Amino acid sequence: MNILVLGTGGREHALAWACVKDSKVNTVFVAKGNAGTAHEDKLQNVDLDMANHTAVIEFCQANDIAFVLVGPEAPLVAGIVDDLRRVGIKAWGPTQYCAQLEGSKAFAKDFMKQVGIPTAFYEVFTEITPAKDFVRSKGTPIVIKADGLAAGKGVIVAMNEEEAFSAIDDMLSGNKFGDAGSRVVIEEFLAGEEASFICMIDGDNILPMATSQDHKRIFEGDTGANTGGMGAYSPAPVVTQQVHDKVIDRVIRPVVDAMKANGTPYTGFLYAGLMINDAGDPYVIEFNCRFGDPETQPIMMRLESSLVDLIEAGLAGQLPSEAKWSDKVALGVVLASRGYPESSSKGDVITGLDETFDGVKVFHAGTKQAGDDIVTDGGRVLCVTALADSIKDAQSKALQGCQAIDFDGKQFRRDIGWRAIAR
Ligand code: AMP
Ligand code: GLY
């Protein structure tokens, strides 16, 4: 069987890598992929623009594609799943309607309010003065978010009024986030520990993926600007069985039931970004309509079931309630290029990729082949992911891999997993 994965990042490398472990699979095409997917056995990059749905459909028809696995949010929000299904091509992901849970923070917030899913209070503003008045009335810390897609970077956790006002000015009068910033969501600051809770959903059945925790800030100690994620590990001990049950009962099941009752069943991956408070109660910070990046990388390292079988079961509306996971811990450290997250540096030659370490897999993200070299081609370049018996071992193995690889301007955090280690 052939599969088409849409996307270019580390998540897509890990998903494609997991798919080809299944011997049923002949080729996994990746559009457009990166230098990592280009060199992997049974993976093949294709120069296909995922924004061109007609071209994607024609490719699927010409290459006997069993199903399309959509990695990033943009094509989902643009309705790629609807367009593929309309012509009878199987696609794993939510419809355009359901993808609004990620595509519009205002939609997600209204949905949560209506369904009764725990989340921070919020208001949506398009004008500067009422937005600042709201901040004055609520006090700080407070969180200012661009409505719309900003790749995880359109969020400012403002510790004082000055920071809040400057974020509001940037988003509503400046052009920092383009159209994504023409509305802002201002919301209550939630205290606690974050976790990523990702499930597969087939419209009705829920299959939770292994738990994980991301590290959003650029610098060690969770300081500096928000990024798409600088590293992740699985499992996340903050998600105890009790917390797990609460997340299913209070967050995931309500989404699935409400979407089903609305005649718009949710299918595909659903990612709840959670804040878990001291009492172990989960609050939703955001929904994503896809797998997380870099959470995918460690989670796929631990998956022992066939991802292809799970997706096929999902497409048939027959998801099992559990998958098989390694008891080991997986931890991924992102190597980012100079300037990330504000900018990125392209074309820097990457060395050390040939060195291998037992239990370590290097997933590519922003990389490309340039003649004989592999060079940087984006903000997040690689995710060095290790599988080991303990979180500490996984961290030190991943860091060993990070030291072996080099490129001009390389940045990475040495403290990924610190919360789990501190426990
Ligand atoms: P988001 O893109 O909405 O996931 O936000 C990015 C990051 O900002 C989150 O992972 C949190 O670390 C932080 N954040 C967002 N909303 C809140 C909130 N209401 N309270 C505290 N931190 C938040
Ligand atoms: N790592 C966060 C995300 O995928 O949104």
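Details of the structure are given in the entry above.
Residues numbered from 1 in each chain as written. Chains lettered and ligands numbered in written order. Predicted model: local features only at pLDDT ≥ 70, side-chain atom pairs only at ≥ 80, totals over all residues. Heavy atoms only, no water.

Novice: Pulling in residues and values, what's your account of the overall build of the protein?
Specialist: The helix and strand tally for the protein stands at 14 helices and 23 strands. At 20 Å, the protein has a C-alpha radius of gyration in line with the 22 Å of a compact globule built from 423 residues. On the principal axes, the C-alpha backbone points of the protein span a range of 60 × 50 × 40 Å. When the 423 residues of the protein are sorted by exposure, 59% land in the buried category. The contacts in the protein between residues at least 6 apart in sequence include a share of 68% that link residues at least 24 apart. Surface summary for the protein: the accessible area is close to 16,700 Å², and the carbon and sulfur share equals 46%. Charge-centre separation for the protein: the mean point of 40 positive side chains lies 2 Å from the mean point of 58 negative side chains. (Helix = DSSP H or I, 4+ residues; strand = E, 2+ residues; numbered from the N terminus. Rg over C-alpha atoms; globule rule 2.2 N^0.38 Å. Buried < 20%, exposed > 50% of the residue type's maximum accessible area, 1.4 Å probe, protein only. Contact = heavy atoms within 4.5 Å. Areas by Shrake-Rupley, 256 points an atom, 1.4 Å probe, with all protein chains shown as cover. Lys, Arg positive; Asp, Glu negative; His and termini not counted. Charge placed at Lys NZ, Arg CZ, Asp CG, Glu CD.)

Novice: Break down unusual backbone geometry for me, citing the residues and quoting the values.
Specialist: The omega torsion of the bond from Ala 31 to Lys 32 falls at -5°, within 30 degrees of zero and hence cis. Inspection of the secondary structure puts Lys 32 in strand E2 (residues 27–32). Backbone geometry at Lys 42 places phi at a positive 65°, although glycine is not the residue there. Along the chain, Lys 42 falls in the loop between helix H2 (35–39) and strand E3 (43–45). A relative accessible area of 35% means that Lys 42 is categorised as partly exposed. Backbone geometry at Asp 222 places phi at a positive 55°, although glycine is not the residue there. Mapping Asp 222 onto the fold places it in the loop between strand E13 (217–219) and strand E14 (223–226).

Novice: I'd like to hear about the site of ligand 1, residue by residue, with values.
Specialist: Among the 15 residues in the neighbourhood of ligand 1, the closest are listed as Glu 187, Glu 188, Leu 190, Glu 194 and Glu 286. In the model, an oxygen atom of ligand 1 is placed 2.9 Å from a nitrogen or oxygen of the Lys 145 side chain. Here Lys 216 contributes a side-chain N or O atom positioned 3.4 Å from an oxygen atom of ligand 1. About the coverage of ligand 1: the protein hides 96% of its 470 Å² of free accessible area. Every element with two or more residues in the shell around ligand 1 is listed here: strand E7 (142–146), strand E8 (155–158), strand E9 (184–188) and strand E17 (282–288). Here the residues of the shell around ligand 1 are counted per class, giving 7 nonpolar, 1 polar and 7 charged. (Near = heavy atom within 4 Å. Polar contact = N/O pair within 3.5 Å; in protein donor to acceptor, adjacent residues only side chain to side chain. Nonpolar A, V, L, I, M, F, W, Y, C, P; charged D, E, K, R; others polar.)

Novice: Which residues make up the pattern of salt bridges, and what are the values?
Specialist: Tallied over the full model, the rule gives 26 salt bridges. For Lys 109, the salt bridge goes to Glu 187, with nearest N and O atoms at 3.1 Å. Residue Lys 109 is found in helix H7 (residues 105–115), and its partner Glu 187 is found in strand E9; the two are separated by 78 residues along the sequence. Assessed through its relative accessible area of 3%, Lys 109 is described here as buried. Using a relative accessible area of 3% as the deciding quantity, one classes Glu 187 as buried. (Salt bridge = Lys/Arg side-chain N within 4 Å of Asp/Glu carboxyl O.)

Novice: Before we move on, can you summarise the pairing of E7 with the specific residues and values?
Specialist: For E7, the buried fraction is high: 5 of the 5 residues fall into the buried class. On E7, burial covers both faces: Ile 142, Ile 144 and Ala 146 on one face and Val 143 and Lys 145 on the other are all buried. Pairing of E7 with E8, which is carried by 4 bridges, proceeds in the antiparallel orientation. Bridging across to E8, Lys 145 finds its partner in Val 155. Pairing of E7 with E9, which is carried by 5 bridges, proceeds in the antiparallel orientation. Opposite Ile 144, over in E9, you have Ile 186 as the bridge partner. (Pairing = 2+ DSSP bridges.)

Novice: Residues and numbers for the sheet that holds E17, please.
Specialist: Taken in spatial order, the 4 strands of this open sheet run E11-E10-E16-E17, and their pairing is antiparallel. Each end of this open sheet is capped by a strand with a single partner; those strands are strand E11 (206–208) and E17. Between one strand axis and the next, the sheet turns by 35° as a mean value, whatever way the strands run. Judged from the 3 bridges that link them, strand E10 (residues 193–202) and E11 form a sheet pairing that is antiparallel. By the bridge assignment for E11, Met 200 is matched with Leu 207. (Axes fitted to C-alpha atoms, helices over the stretch in contact; angles between N-to-C directions.)

Novice: An account of the site of ligand 2 is needed here, citing residue identities and associated values.
Specialist: Within the structure, ligand 2 sits among Asp 214, Lys 216, Gly 228, Tyr 271, Asn 288, Arg 290, Gly 292, Asp 293, Pro 294 and Glu 295. Taking Gly 228, its main chain carries an N or O atom lying 3.1 Å from a nitrogen atom of ligand 2. For ligand 2, whose accessible area on its own is 200 Å², the fraction buried by protein is 92%. Here the shell around ligand 2 is composed, by residue class, of 2 nonpolar, 3 polar and 5 charged.

Novice: Before we move on, could you go through the layout of surface pockets and cite the residues and values that matter?
Specialist: One number sums up the size of the second largest pocket: a volume of about 500 Å³. Along its surface, the second largest pocket is lined by 23 residues, and Leu 353, Asp 354, Val 362, His 364 and Ile 374 are the ones closest to its centre. Elements with a minimum of two residues in the lining of the second largest pocket: H2, strand E20 (360–364), strand E22 (373–377) and helix H13 (391–404). Taken together, the residues of the lining of the second largest pocket break down into 9 nonpolar, 8 polar and 6 charged. (1 Å grid on protein atoms, 1.4 Å probe; cavity = no way out; pocket = protein on both sides within 12 Å on 5 of 7 lines; lining within 4 Å. Points joined across faces, edges and corners; volume = space filled by probe spheres on them.)

Novice: Break down the environment of His 39 for me, with residues and values.
Specialist: With respect to the helices and strands, His 39 occurs in helix H2. The exposure class assigned to His 39 is exposed, which follows from its relative accessible area of 55%. A sequence separation of 330 residues divides His 39 from Gln 369, and the C-alpha atoms of the two residues are 9.8 Å apart. When near neighbours in sequence (up to four residues on either side) are disregarded, His 39 contacts Gln 369 and Ile 374. Of the polar contacts made by the side chain of His 39, one reaches the side chain of Gln 369; its length is 2.7 Å.

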